[in-house]
Amino acid sequence: MAEIYPVLQEVLASGGEFRFYPRGTSMLPLIREGRDSVVLEAVEKPQKHDMCLYRRANGQFVLHRLMGWDAAGAPVFCGDNQLTPEHGVPADAIIARVSAVYHGDKRKPVTALSYRCYVRLHCFMPWRRLRFFPRRAWGFIKRKWIT
């Protein structure tokens, strides 16, 4: 990503969109590595639940969902497949937000009803915690009785 960052900045500065294939599992089940891609657009003030591309202090690029703001007004991010929110990201580290998700060749804009329903259901915190219960239970069973 560091190699294409200058091109990304140029495209976004000119008002264009930039499509790329994210890596990793933090945005499962919405984005699967190797299959799905996202379209980025420039953003001045992101809204709650927007998927944003930002750069950490160590230079790593991250695509996570904006869950809100902390008491100091700094954004709080969390991946759809994660439970622990990330605090301490400065607002000026946000590069772009996702305007559409491609599942293969099928484009799903973030304004689509199905996407908005996914966001509302998935970002509800008690539901997020329950989603991880089977994984934790299976890990407990494996440690206690299978190993």
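What you see is a predicted model, and the numbers here were worked out from it, not measured in a lab. (Residues numbered from 1 in each chain as written. Predicted model: local features only at pLDDT ≥ 70, side-chain atom pairs only at ≥ 80, totals over all residues. Heavy atoms only, no water.)

Peer 1: Help me get a handle on helix α2 (residues 113–122), residues and values and all.
Peer 2: Looking at α2, one finds that the buried residues are Tyr115, Tyr118, Val119 and His122. Down the axis of α2, the sector holding all buried residues measures 95°, keeping them to one side. What points out from α2, more than 90 degrees from its buried face, is the exposed set Leu113, Arg120 and Leu121. (Buried < 20%, exposed > 50% of the residue type's maximum accessible area, 1.4 Å probe, protein only. Helix = DSSP H or I, 4+ residues; strand = E, 2+ residues; numbered from the N terminus. Arc of directions from axis to C-beta.)

Peer 1: With reference to specific residues and values, describe the pattern of salt bridges.
Peer 2: As enumerated under the stated definition, the model contains 5 salt bridges in all. Two residues, Asp36 and Arg35, come together in a salt bridge whose shortest N-O distance is 2.6 Å. When its relative accessible area of 0% is taken as the criterion, Asp36 is described as buried. By relative accessible area, which is 38% here, Arg35 ends up partly exposed. Across the salt bridge formed by Asp80 and Arg65, the nearest N and O atoms sit 2.9 Å from each other. Of this pair, Asp80 sits in the loop between β5 (75–78) and β6 (94–103) while Arg65 sits in strand β4 (residues 61–69), and the two are 15 residues apart along the sequence. (Salt bridge = Lys/Arg side-chain N within 4 Å of Asp/Glu carboxyl O.)

Peer 1: Now, about the packing of aromatic side chains: what can you tell me, with residues and values included?
Peer 2: For any pair of aromatic rings, geometry is given as the distance between the ring centres together with the angle between the planes. In the structure shown here, the tally under the stated rule is 2 aromatic pairs. Here Tyr5 and Phe61 contribute two aromatic rings whose centre-to-centre distance is 5.2 Å and whose plane-to-plane angle is 50°, an arrangement assigned as tilted. Pair noted here: Tyr5 is in helix α1 (residues 5–13) and Phe61 is in strand β4, with a separation of 56 residues, a long-range link. Under the relative-accessibility criterion, Tyr5 is labelled buried at 18%. A ring pair is formed by Tyr54 and Phe77, whose centres lie 4.3 Å apart and whose planes are at 25°; its orientation type is stacked. With Tyr54 in strand β3 (residues 51–55) and Phe77 in strand β5, this pair connects stretches of sequence that are 23 residues apart. When the ring centre of Tyr102 is taken as origin, the NZ or CZ atom of Arg19, which lies over that ring, is 3.6 Å away. The ring of Tyr5 is capped by Arg55, whose NZ or CZ atom sits 5.1 Å from the centre of that ring. (Phe/Tyr/Trp six-rings, centres within 6.5 Å; stacked < 30°, edge-to-face > 60°. Lys NZ or Arg CZ within 6 Å of the ring centre and 35° of its normal.)

Peer 1: Please give an account of α1 that cites residues and values.
Peer 2: Along α1, the residues classified as buried are Tyr5, Leu8 and Leu12. End-on view of α1: buried residues confined to an arc of 55°, all on one side of the axis. Seen from the open side of α1, the exposed residues pointing more than 90 degrees away from its buried face are Glu10 and Ala13. Buried-residue contacts for α1 involve β1 (18–20), β2 (36–41), β3, β4 and β6. (Contact = heavy atoms within 4.5 Å.)

Peer 1: Pulling in residues and values, what's your account of the environment of Ile94?
Peer 2: Turning to its location among the elements, Ile94 is positioned in strand β6. In this structure Ile94 comes out as buried when scored by relative accessible area, which is 14%. The sequence separation of Ile94 and Cys52 amounts to 42 residues, and the corresponding C-alpha distance is 6.8 Å. Not counting residues within four places of it along the chain, the set of residues in contact with Ile94 comprises Val43, Pro46, Cys52, Leu53, Tyr54, Pro75 and Phe77.

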